[in-house]
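# Coordinate analysis (summary)
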Amino acid sequence: MKKVFKIVGIGLGIIVLLMAIALISISASDIPSYEVEKIDYKVTSSPEAIARGEKLAVMLCASCHLNHQTNKLTGQKMMDAPPEFGEIYSQNITQDKTYGIGDWTDGELVYLLRTGIKRDGKYSPPYMAKLPGMADEDINAVISFLRSDHPMVKADPTPDVPPKPSLLTKILCRVAFKPLPMPTEAIPLPNADDSVELGKYLAHNLDCFSCHSADFKTNDFLNPELSEGYFGGGNKPLDLQGRVMLTSNLTPDKETGIGNWTREDFIKALKYGQIKGGKALTYPMLPYSQLTDDEAGAIFEYLQTIPPIKNKVERSIY
Ligand code: HEC
Ligand code: HEC
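Residues numbered from 1 in each chain as written. Chains lettered and ligands numbered in written order. Predicted model: local features only at pLDDT ≥ 70, side-chain atom pairs only at ≥ 80, totals over all residues. Heavy atoms only, no water.

The name given to the protein chain in an unreviewed UniProt entry is Cytochrome c, with Arenibacter troitsensis as the source organism.

Have a look at this one:
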C-alpha cells in the first residue's frame, strides 16, 4: 500500500516539477510569435476617406492611443488595464519613423488590425483593438487617416514605453488568446438604407458588444452574436482609478434592458451621455458624439431586434 503512495507521490512530484519548468520557461520567454503574411496592400486616400477615418479613429483608437500631453496618438500608460495583465502602455502610432508607424507599410498595418499580429510577428494581446469584421473601405479610411496630415498623427518622437505583460497574459496568449484569421473575401460596407443592418455593423465594429456582453473572456470577435450574454451587460471594464464599472443591459428586455427606451432617449445617452432622470454616463462609456443621429438611431433599431436577456445591472457610479 505504502509503495503505491510513494509511486503516486513521485508521479505528482514530477508533474509539479514539469509545471514549474513550463511556467518558468513561459515567463522567461515572451508573448508568442507567428509567421507574418506579406500583404500586398496600398491605401487609397481621398479627403472623404480621411474624414471617415478620423471619425472612426477618434471613436476606436484615441481612447487608448491619445496622449493628453502631446495631443497626438503618442500612446500612454493604460490606467484601466486590469493589473493582473501587467503594466500596459499603448504605443506611439504617429508618423514618426523611429517610435511611430512612419516606416510600417500599409500591408503591415492591415495585417495587425485584422489579425492582431505585429510586423515583427509578435501577437498583440487583447488589450489592443482588432477589427476582423470591419468593411475594407473603413479599414482603408482608418489607415488613410493615420497617413494624413491631421495634427493627431503628425510625426512626434515621443519614445514608446514597451508594455510589461504579466505571466498570466503570456500564458493566456499561449492557451486562450489566438490571432484572428486574415479575411479571405472582401468585406463590403453595410447597406446604409437598411437601418437594422447599419446598426448591427456599428454595434459590432465600434466594439459596443465587447463591453456590453457578459465578459471579455467569453466574447467571440469573429461572430459577435455568439458572445456569452450578447448585449445583456454585466461585464466589468475598469475606470481610470481601476474600479469596476458594470456595463448596462442593452437588450430589449422591458424591465432590465432598454425595451422601454425611445430612439431619442438612446441617441441622447449614446452621443451625449445624458440619461433621463439619472446621472450622466461616466468612463469608460465615452460619448460617441461623432455619430450622426441616423447612425446612433440605427444602433438602437438593431438592438431592439436582438433576443432580450433578463439581467438586472445596478450602475456602479462612484
Ligand atoms: C484598448 C486600447 C487600444 C485600442 C482601442 C487601440 N489600441 Fe493600438 N495598441 C494598444 C496597445 C496596448 C498596444 C501595444 C500592444 C503590444 O505591445 O502588443 C497597441 C499597439 C498598436 C500598434 C503597434 C505599434 C507598435 O509600434 O508596435 C498599432 C499600429 C496600433 N496599436 C494601432 C491602433 C489603431 C489604428 C487603433 C484603432 C483602430 C488602435 N490601435 C486601437 C492599445 C489599443
Ligand atoms: C469600454 C467599454 C464600453 C464600450 C466600448 C461601450 N460601452 Fe456603453 N457603457 C459602458 C459602461 C461601463 C456603461 C455604464 C456607465 C455608467 O454607469 O455611467 C455603459 C452605458 C451605456 C448606455 C446607458 C444604458 C443605461 O441603461 O443607462 C448606453 C445606451 C450605451 N452604453 C451604449 C453603448 C453603445 C451603443 C456602444 C458602442 C457605440 C457602447 N455603449 C460602447 C461601457 C462601454
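The structure having been displayed, the exposition proceeds.
## Here's the deal with unusual backbone geometry
In this chain, Tyr283 is followed by Pro284 through a cis amide linkage whose omega measures 5°. Along the polypeptide, Pro284 turns up in the loop between helix 9 (263-272) and helix 10 (293-303). Phi at Asn71 is positive, roughly 60°, even though this residue is not glycine. Here Asn71 lies in the loop between helix 3 (62-65) and strand 1 (86-87). Within the chain, Phe231 stands out as a residue other than glycine whose phi angle is a positive 65°. Looking at where Phe231 falls in the secondary structure, it is placed in the loop between helix 8 (208-212) and helix 9. Using a relative accessible area of 0% as the deciding quantity, one classes Phe231 as buried. (Helix = DSSP H or I, 4+ residues; strand = E, 2+ residues; numbered from the N terminus. Buried < 20%, exposed > 50% of the residue type's maximum accessible area, 1.4 Å probe, protein only.)

## Description of the packing of aromatic side chains
With the rule as written, the count across this model stands at 5 aromatic pairs. The interplanar angle of 45° and the centroid separation of 5.4 Å between the aromatic rings of Phe266 and Phe300 together place this pair among those described as tilted. Taken together, the residues Phe266 in helix 9 and Phe300 in helix 10 connect sequence positions 34 residues apart. Both residues of the pair, Phe266 and Phe300, count as buried. (Phe/Tyr/Trp six-rings, centres within 6.5 Å; stacked < 30°, edge-to-face > 60°.)

## A look at the domain arrangement of the protein chain
Split into domains, the protein chain comes out as domain 1 (47-175) and domain 2 (195-303). Relative placement of domain 1 and domain 2: their C-alpha centres are 23 Å apart. Contacts between domain 1 and domain 2 engage 17 residues on the former and 16 residues on the latter. Where domain 1 abuts domain 2, roughly 1,300 Å² becomes buried across the two surfaces, and 60% of that area is made up of carbon and sulfur atoms. Area buried by domain 1 at its contact with domain 2 is led by Lys55, Met59 and Asp80, which between them contribute 41% of it. Joining domain 1 to domain 2, the criterion identifies 2 salt bridges. Between Glu295 and Arg52 there is a salt bridge whose closest N-O contact spans 3.8 Å. Linking domain 1 with domain 2 are 5 residue pairs in polar contact (both at pLDDT 80 or more). By residue number, the principal contributor to the side of domain 1 that touches domain 2 is helix 2 (residues 47-60), which donates 6 residues. Grouping the amino acids of the side of domain 1 that touches domain 2 by side-chain chemistry returns 11 nonpolar, 2 polar and 4 charged. (Domains from an automatic or database assignment. Contact = heavy atoms within 4.5 Å. Buried area = accessible area lost by both parts, 1.4 Å probe. Salt bridge = Lys/Arg side-chain N within 4 Å of Asp/Glu carboxyl O. Polar contact = N/O pair within 3.5 Å; in protein donor to acceptor, adjacent residues only side chain to side chain. Nonpolar A, V, L, I, M, F, W, Y, C, P; charged D, E, K, R; others polar.)

## A look at the nonpolar core
Leu73, Met134, Leu146, Leu206, Phe231, Ile299 and Leu303 are the most contacted members of the largest nonpolar core, which has 52 residues in total. The two domains that each donate at least three residues to this core are domain 1 (47-175) and domain 2 (195-303). The residues touching Phe231, leaving out its near neighbours within four places in the chain, are Ala203, Cys208, Phe209, His212, Ser213, Ser248, Asn249, Leu250, Thr251, Leu303 and Ile306. One finds Met78, Phe85, Leu172 and Phe177 within the second-largest nonpolar core, a separate group that totals 10 residues. (Core = buried A, V, L, I, M, F, W, Y, C linked by side-chain atoms within 4.5 Å.)

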